[in-house]
Structure formats: C-alpha cells, structure tokens
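Working through the structure, step by step
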Amino acid sequence: DFQGTGPQVYGNCNAPRAVVLSAIIYCLRCMVGYDVPLNQGCLAPIQLLIPKGTILSADDKAAVVGGNVLTSQRLVDVIFRAFGTCAASQGCMNNITFGDESFGYYETVAGGAGAGPDWNGSHGVHSHMTNTRITDPEIVERRYPVVVKKFSLRAQSGGRGSQ
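Residues numbered from 1 in each chain as written. Predicted model: local features only at pLDDT ≥ 70, side-chain atom pairs only at ≥ 80, totals over all residues. Heavy atoms only, no water.

**With respect to the overall build of the chain**
We count it as follows: Helix and strand labels come from DSSP, where a helix needs a run of H or I of at least four residues and a strand needs a run of E of at least two; each type is numbered from the N terminus. Exposure is judged per residue with a 1.4 Å probe applied to protein chains only, and the accessible area is read against the type maximum: over 50% gives exposed, under 20% gives buried, and values in between give partly exposed. Between two residues, a contact is recorded if the distance between any of their heavy atoms is within 4.5 Å. For the accessible areas, the method is Shrake-Rupley and the probe is 1.4 Å, while residue cover comes only from the protein chains on display. We score Asp and Glu as negative and Lys and Arg as positive, and we do not count His or the chain ends. The atom standing in for a charge is NZ when the residue is Lys, CZ when it is Arg, CG when it is Asp and CD when it is Glu.
Within the chain, the secondary structure is distributed over 3 helices and 4 strands. Counting helices and strands in the order they occur from the N terminus, the chain gives α-α-β-β-β-β-α. Each principal axis of the C-alpha atoms in the chain carries an extent, and together these give about 50 × 45 × 30 Å. Counting the 163 residues in the chain, one finds 29% classified as buried. Of all intrachain contacts in the chain linking residues separated by at least 6 positions in sequence, the fraction that spans at least 24 positions is 60%. Carbon and sulfur atoms make up 54% of the accessible area of the chain, which amounts to about 10,900 Å² in all. Here the chain contributes 13 positive and 12 negative side-chain charges, whose respective centroids are spaced 4 Å apart.

**Focus: the nonpolar core**
Cut-off, in case you're wondering: Nonpolar core, defined: a set of buried Ala, Val, Leu, Ile, Met, Phe, Trp, Tyr and Cys residues in which side-chain atoms within 4.5 Å join the residues together.
Counting 21 residues, the largest nonpolar core has Phe2, Val20, Ile24, Ile50, Leu56, Leu75 and Val76 as its most contacted members. Listing elements by their share of this core, those giving two or more residues are helix H1 (17-32) and helix H2 (65-82). Apart from residues lying up to four places away in sequence, leucine 56 is in contact with Phe2, Thr5, Ala15, Pro16, Arg17, Val20, Ile50, Thr71 and Leu75.

**Focus on H1**
Let me state the cut-off plainly: To estimate how far a helix should reach, multiply one less than its number of residues by 1.5 Å.
Compared with the 22 Å implied by 1.5 Å per residue over 16 residues, the 23 Å span of H1 between its first and last C-alpha is a close match. Listing the buried residues of H1 in full gives Val19, Val20, Leu21, Ala23, Ile24, Ile25 and Cys27. Where H1 is buried, its residues meet H2. Glycine 33 sits one or two residues past H1 and shows a positive phi near 95°.

**With respect to the state of the cysteines**
Convention followed: Any two cysteine sulfur atoms lying within 2.5 Å of each other are counted as a disulfide.
Taken as a whole, this structure holds 0 disulfides when the rule is applied. Considering cysteine sulfurs only, cysteine 30 is the nearest to cysteine 27, which forms no disulfide, with 6.4 Å between them. For cysteine 27, a relative accessible area of 1% translates into the label buried. According to the relative accessible area criterion, cysteine 30 is partly exposed, its value standing at 41%.

**Overview of the environment of tyrosine 26**
By the secondary structure assignment, tyrosine 26 is in helix H1. With sequence-adjacent residues up to four places away left out, tyrosine 26 is seen in contact with Val76, Phe80, His128 and Met129.

**Focus on the pattern of salt bridges**
To be explicit about the condition: Salt bridges, as used here, are contacts in which a Lys or Arg side-chain nitrogen is within 4 Å of a carboxyl oxygen on Asp or Glu.
Per the counting criterion, the structure on display carries 1 salt bridge. Across the pair aspartate 77 and arginine 74 runs a salt bridge whose closest N-O atoms are separated by 2.8 Å. Placement of both aspartate 77 and arginine 74 in helix H2 is noted, with a separation of 3 residues, approximately one turn of the helix. Accessibility expressed as a relative area gives 40% for arginine 74, which makes it partly exposed.

Geometry only, nothing functional implied.
Next up, the structure:
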C-alpha cells in the first residue's frame with residue numbers, strides 16, 4: 001500500500017509504475033526463500049495500491065531517469081524494512097557519468113549491501129536493483145579517451161556495523 005506517497009516531482013526522481021513493480025517482484029523473490037521464475041504471475045496474489053501522479057507512479061510527461069537508478073533502490077530498502085528482512089543498502093546505485101560533445105560514459109558503481117539478522121553486510125558489491133557489474137577499467141580505457149589512475153574500495157566507508 002503506497003497511499004500517502006508524495007506527488008511526482010519536477011526533477012527526475014519520479015518512477016514509472018513498471019519500475020515500482022520490478023522492485024516489488026525483486027523483494028518478494030528474495031524473501032520467498034526458494035527460486036521463483038521471474039514472471040508477471042509473481043504479483044497475481046498481491047493487491048497493489050500505487051496512486052497515480054505520485055513519485056511512484058508518475059504521469060507520462062514526468063522525468064523518470066532517477067526513478068530507475070535512485071528511487072527504485074530506496075524502494076527496495078523501504079520494502080525490506082517493512083518486512084524486517086535486512087538493513088538498508090546504500091540507497092543509491094552510485095552513478096558516475098562524464099563526457100563531452102564527442103562521447104558520454106555512464107556507470108553504476110558498486111556500494112554495498114546491508115546486514116541481516118545473522119549475516120554481515122557486504123562491501124564493494126552491486127546490490128538489489130543495480131543488477132549490473134561494473135565495467136573493467138581496462139575496457140573503459142580501451143573504449144574511451146580516459147586513463148584510470150586508481151580503482152579501489154575506500155576503507156571503513158560503510159560504518160563499523162554490529163561487530
């Protein structure tokens with residue numbers, strides 16, 4: 001039940017309904033505890049209340065690019081919190097983009113995943129809605145006019161956790 005969700009915004013953090021459905025299906029499949037084939041039938045027993053014109057069901061004229069990469073990730077955190085499943089991820093796909101008039105580069109950069117009742121969180125991994133793998137630095141250098149000087153994890157950037 002997403003009644004009470006804020007109205008769509010002027011910026012691009014709105015999500016189309018399809019992105020919200022993807023986040024819901026992802027969470028349900030994670031929580032079931034066994035492999036479930038990905039299909040629309042996953043939502044058949046679920047009654048969804050997503051008011052139109054909100055940040056989670058924006059109209060056709062609303063900007064939505066951030067809804068796919070930011071709002072969807074935060075939505076997963078909210079759903080897992082509602083079910084008491086696990087701690088939040090970094091709540092963002094940690095995007096980087098650069099370029100000029102001759103090229104453009106966009107990448108989701110791994111952050112981490114939250115801990116659960118009997119497991120530690122993970123660092124330096126793509127989690128939840130990212131469902132991607134970062135491009136190897138060698139490939140970036142081969143395809144774009146850039147040199148990667150350093151590629152690493154920042155130590156202690158995710159907090160100390162419970163242990």
